[in-house]
Each structure stands twice: as structure tokens, then as C-alpha cells.
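Below are the chains, spelled out letter by letter.
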Amino acid sequence: MENSEINLDIEKISSLCKRRGFIFQSSEIYGGLGSTWDYGPLGVELKRNVKDHWWNQMVWERDDIVGLDSSILMHPDTWKASGHLDSFTDPLVECKTCNRRFREDHIDSELILKKSCPEPGCNGELGEARMFHLMFKTFMGPVEDEAAIVYLRPETAQGIFVNFNNVVTSTRKKLPFGIAQIGKAFRNEITTGNFIFRTREFEMMEIEYFVKPGEDEEIHEKWLDDCMKWYESIGINTQKLRIREHDKDELSHYAKSTYDIEYNFPWGWGEIQGIANRTDFDLKSHSEMSGEKLTYFDDQTQEHIIPYVIEPSCGVDRAVMALIIDAYSEESTVQANGKSDTRVVLKLHPNIAPVKVAILPLSRNEKLTPLARNIYDQVRKSSLISGNVQFDDSQSIGRRYRRQDEIGTPLCVTVDFDSLEDNMVTVRERDSMAQTRVLISKLPEIISEKL
Ligand code: GAP
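In this text the structure is predicted, and so the values were computed from the model without any measurement.

### Examining the side chain of H53
You can see H53 is positioned in helix α2 (residues 41–60). A relative accessible area of 14% means that H53 is categorised as buried. The residues touching H53, leaving out its near neighbours within four places in the chain, are W230, S233, I234 and N351.

Set out below in C-alpha cells:
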């Protein structure tokens, strides 16, 4: 069964993620901290593969984008100039009966008209909406006063804008060019939920792509295409993706136009990426606030111009969540004893799967184990294979196959007693379960061809 036919709820996904070591509730032993999550041994591999794949495609494979890693804490004037101090708010309403708080724009419009609480079983009256600020505040240094307030960045973008001159001077990049950054962002969201979809601490992969004014609209369109191709390249079913243009009243304070890439999650369409035309808003505001001119010298016209910016901004955690949901499948099988069984398979694309290959000796044995360990070393140290390789000799081989299927390992290599005689092993493919006998000496080449 593909995942469109499965009754797939967040419970099913979050319990698989916990059981197999993808994602754990943060600070679980203390009862957990709302909407913060920790990536376990497999989750960290998956997330890392997503980020590496994005970096390879967006930075290494192009000659018009360079990278940056700016700090999370920035001068507080940054947020005055960017407009976040004034405008980064959401409308909050509170129920007078149950005292729960909600984002007004996430409540059904009929309930808003009736001023009725959306909490099931509570028909309490909602109070007036007030604007709630989303930036986390802290203090820098030992004195906790107004002058020491700094903010945890709510987007990585501003680190790019304030470094515009540094990057242009050090790289001599010509327009159009981009600066890419991957890093944490923090938002004190009023409501969180749907597992890792809406959290207060999350990671972003952002590009600020600087263009000549007038070329912005065409380049914006091109970016929609490039971003969709990226999702396709990590194996997301493009039938479950759509591009939605923001209505005028939805646009952020800096945007001339924005398109969201949305994925059809089990609860409906949800944004995984925004692609905005930020015009010259940010460079202009930072120039005014700092007194430092953030301009570009156009050799052709011999003029200083303020470039426009196209910004593809993707949430790493939302991409990971879409990937896991998209890859989840269940297959019913009938065993030899007549009992029916369900095989859960994460059909992750090999280039992002957390484990690429598992080496499985048929059983723990004084001859088989050393041979399997040698093969494990040969495969994981091979320059032909990049990624995580696992060795597993616990429980029956059938159970081990199921475990690897459930975590999305594309290939298993089984070392059996014949291997001691014929120097061959069995390569099993996750999706088809096809098994091929191959020479141990050829294993790295064969694996790299299949991945
Ligand atoms: N610099 C542009 C920007 O911040 P955004 O649409 O607010 O734009 C970009 O955020 C992406 O960050 C979203 O498409 C989403 O994937 C992710 N994101 C935003 N808020 C999030 C949250 N609370 N939890 C997880 N991911 C979030």
C-alpha cells in the first residue's frame, strides 16, 4: 500500500520515529519541553543528508552561489531595520472559559465570527485579538537591562544581508548571485503542533539571491522551478507538492510577491518552503539604519545600485517530515505458515537514506562474524560509497530485514555459510526484495551502482 491509501496519522509517524531512533521529544525525562524535538542517531543522518544534498546542489554545483554561516545573536538594530521588531507578530486570542490561547488566523472563520472557542467541548467566548511578538528575547552580558536585550534570530536571512558588502568584496561576485546559509531559527509561536511541523526552534536552508531590479520577476519564476526540481531529486512525489501564490493580505511586510511550495500532509496542505521577492527592502533598510551603503557597482552602467532579492527559504524539519511521510508504505504479505503480516517500508531515496547499506551475517558464528566484519570494513571505508553503513547480527535475519526496511536502508548484504566457500554474498534490495549473489571483491562497485 502506498501512503495515499494508508490511514496515516501523525501518531503512526511519531511512534516509528521514536522506536527507530529518528526523533525524540526534547527533555523527555523531565516530561518534555513543548514543541522542541531531538534528532536521534538515524534522524541526525537523515537531516544531515538533506542539508548536504541541498548544499551540494545549491552551492557546489552552481557557480553563482556562495555559502555563509552567520551568528544567531545579532546587533539588536538588525531587527529594527528588518522590520521584525515592529511587524513580526501574530494575532493571539484567548478563551475566557478554558484560558487556552490560539492564533486567530488559524481558527475557522465561522468560529471567529461567533467569537467561539475552537477547543473541542468548550464553547467559551474568545476575547479580543492582540498582536503577539514572536521573537525570543534574552540578555547579553551580566546585566539584565533594556540595553542588554538581544534576540534569537527568527530567520537566517538577516545574517546574509548585513554581510552583503563583506561577501561582495571578498568574492567579487557579479549579479545575479546568491548567498546560502543553513542554520537554526527561533520563533515563539502561539500554537505549535503536528510533530516537527510547527516548532519554536527549527532549522532553515535559505538563499538570498541578488538580482538587478527589473530582472527580479523572471528570476523569481526560475527559482520556483529549481526548488521543485530539488524536491524531486530527493525523491518526494511531486504529485503531492503544489505551488501556491500568497494573497496580497498574506504577504510579509518585506515581500512584493511570495509563492509557497506546499506538501499534502495527512492533515492537509502545509507550507514547506517560501520563495519571496523581497525587493531591495532589506539592503535599503540596513543601509539607512547602519549608515553603511549596501550597494553594488554595476560595471556596465557605471552606477551603484541596490539589488533586488529573491529568497528561496526552506524549513529543514518540514522537509524531513514530508520525506518521512512520503516514503512511508505498508505491504501486506502472507507468510509460509499462512499468517498475514505487514511490512513497513520507508522508501527513501538512496541519496538521503540514513543508512545506505546494512551488513548482516546470517548468524553469530566464529567463522561468519569475522568475515562479515571484514566486509563491513571494506564497504564503509570504500571511496565508492559515501554515507552510513551498519553492521547488525542480532535476532533472526527476517527481523533484521524488517528493521532495515522500516528505517529505509536501500540495500542489505547477507553473509552466509556459502560465503566462506564461494567468496560471494547476497545483496537484497529494499523495495523489490530482489536478491542477487555477487562476489565480495566486487561489492563496493556493485553497491555504488545500485545507490
Ligand atoms: N526568511 C524567510 C522566512 O523566514 P518563512 O516563510 O517565515 O520565511 C521559511 O519561513 C520556512 O521556514 C517555512 O517555509 C517553513 O518551512 C519553515 N518554518 C517557519 N516557521 C516554522 C516553525 N515554527 N517550525 C518549523 N518550520 C518553520
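Next comes the rest of the description.
### A short note on a negative patch on the surface
Side chains of E215, E218, E221, E245, D247 and D249 sit close together on the surface and give a patch of like negative charge. Examined against the element boundaries, D247 turns out to sit in the loop between β11 (241–245) and β12 (257–265).

### A closer look at the state of the cysteines
The bond known as a disulfide is covalent and runs between the sulfur atoms of two cysteines. Using the criterion set out here, one finds zero disulfides in the structure. C227 provides the cysteine sulfur closest to C314, a residue in no disulfide bond, and the two sulfurs are 8.0 Å apart. The class for C314 is buried, based on a relative accessible area of 1%. Looking at the unpaired C412, the closest cysteine sulfur is the one in C17, lying at 19 Å.

### Here's the deal with the environment of L224
Relative to the elements of secondary structure, L224 occurs in helix α8 (residues 216–233). Residue L224 is classed as buried on the basis of its relative accessible area, which comes to 8%. Each C-alpha atom, one on L224 and one on G67, is 20 Å from the other, the two residues being 157 residues apart in sequence. Not counting the four nearest positions on each side in its chain, L224 is found in contact with I243, Y259 and I275.

### Quick word on the site of the ligand
Every one of the 19 residues lining the ligand counts as a neighbour, but E155, R187, E189, E206 and E271 are closest to it. Separating a nitrogen atom of the ligand from a side-chain N or O atom of E311 is a distance of 2.8 Å. The fraction of the free accessible surface of the ligand (550 Å²) that becomes covered by protein chains is 91%. Where the shell around the ligand is concerned, the elements lending two or more residues are β10 (201–211), β13 (268–279) and β16 (308–315). When residues of the shell around the ligand are assigned to their parent elements, the largest contribution, five residues, is made by β13. Grouping the amino acids of the shell around the ligand by side-chain chemistry returns five nonpolar, five polar and nine charged.

### Concerning the pattern of salt bridges
Under the definition given, this model contains 44 salt bridges. Taking the shortest distance from any N to any O, the salt bridge between R278 and E155 comes out at 3.1 Å. Residue R278 is found in strand β13, and its partner E155 is found in the loop between β8 (149–151) and α6 (157–162); the two are separated by 123 residues along the sequence. The two residues R278 and E155 agree in class, both being buried.

### Regarding the packing of aromatic side chains
Where two aromatic rings form a pair, the distance of their centres and the angle of their planes describe that pair. As enumerated under the stated definition, the model contains 13 aromatic pairs in all. Ring centres of W37 and F195 lie 4.8 Å apart, and the angle between their planes is 85°; this geometry places the pair in the edge-to-face category. Of this pair, W37 sits in strand β2 (residues 37–39) while F195 sits in the loop between β9 (177–186) and β10, and the two are 158 residues apart along the sequence. By relative accessible area, which is 9% here, F195 ends up buried. Seen in terms of ring centroids, F164 and F177 are 6.2 Å apart; in terms of plane orientation they differ by 20°. Their pairing is stacked.

### Quick look at the sheet that holds strand β23 (residues 435–439)
Strand order in this open sheet of five strands is β20-β19-β21-β22-β23, and the pairing throughout is mixed. Two strands lie at the open edges of the sheet, namely β20 (389–391) and β23, each paired on one side alone. Averaged over all neighbouring strand pairs, the angle between strand axes comes to 25°, with direction disregarded. Bridge count between strand β19 (residues 357–361) and strand β21 (residues 411–415): five bridges; the pairing is parallel. Each bridged residue has a counterpart across the sheet, and for V357 the counterpart in β21 is L411. Packing against the sheet, helix α11 (residues 368–380) makes contact with β19, β20, β21 and β22 (424–429), and its axis sits at approximately 170° to β20.

### Side note on the domain arrangement of the protein chain
Buried accessible area, meaning the area lost when the parts come together, often serves as the stated size of an interface. Partitioning the protein chain into structural domains gives domain 1 (53–75 + 140–324), domain 2 (91–103 + 108–119 + 121–131) and domain 3 (355–450). Relative to domain 3, the C-alpha centre of domain 2 lies at a distance of 56 Å.

### A few points about the side chain of E330
With respect to the element layout, E330 can be found in strand β17 (residues 328–334). A distance of 3.0 Å separates polar atoms of two side chains, one belonging to E330 and the other to K12. A polar contact is formed between the side chain of E330 and the side chain of Y328, at a distance of 2.8 Å.

### Some details on α8
Here α8 spans 25 Å end to end across 18 residues, near enough to the 26 Å set by a 1.5 Å rise per residue. Burial in α8 covers these residues: D216, I219, H220, W223, L224, D226, C227, M228, W230 and Y231. Downstream of α8 by one or two residues, G235 has phi in the positive range, about 90°.

So, how was this worked out
- Residues numbered from 1 in each chain as written.
- Predicted model: local features only at pLDDT ≥ 70, side-chain atom pairs only at ≥ 80, totals over all residues.
- Heavy atoms only, no water.
- Helix = DSSP H or I, 4+ residues; strand = E, 2+ residues; numbered from the N terminus.
- Buried < 20%, exposed > 50% of the residue type's maximum accessible area, 1.4 Å probe, protein only.
- Contact = heavy atoms within 4.5 Å.
- Patch = residues over 30% accessible without salt bridge, like charges linked within 9 Å, V, L, I, M, F, W, Y side chains within 5 Å.
- Areas by Shrake-Rupley, 256 points an atom, 1.4 Å probe, with all protein chains shown as cover.
- Salt bridge = Lys/Arg side-chain N within 4 Å of Asp/Glu carboxyl O.
- Lys, Arg positive; Asp, Glu negative; His and termini not counted.
- Charge placed at Lys NZ, Arg CZ, Asp CG, Glu CD.
- Disulfide = S-S within 2.5 Å.
- Near = heavy atom within 4 Å.
- Polar contact = N/O pair within 3.5 Å; in protein donor to acceptor, adjacent residues only side chain to side chain.
- Nonpolar A, V, L, I, M, F, W, Y, C, P; charged D, E, K, R; others polar.
- Phe/Tyr/Trp six-rings, centres within 6.5 Å; stacked < 30°, edge-to-face > 60°.
- Pairing = 2+ DSSP bridges.
- Axes fitted to C-alpha atoms, helices over the stretch in contact; angles between N-to-C directions.
- Domains from an automatic or database assignment.
- Expected span 1.5 Å × (residues − 1).

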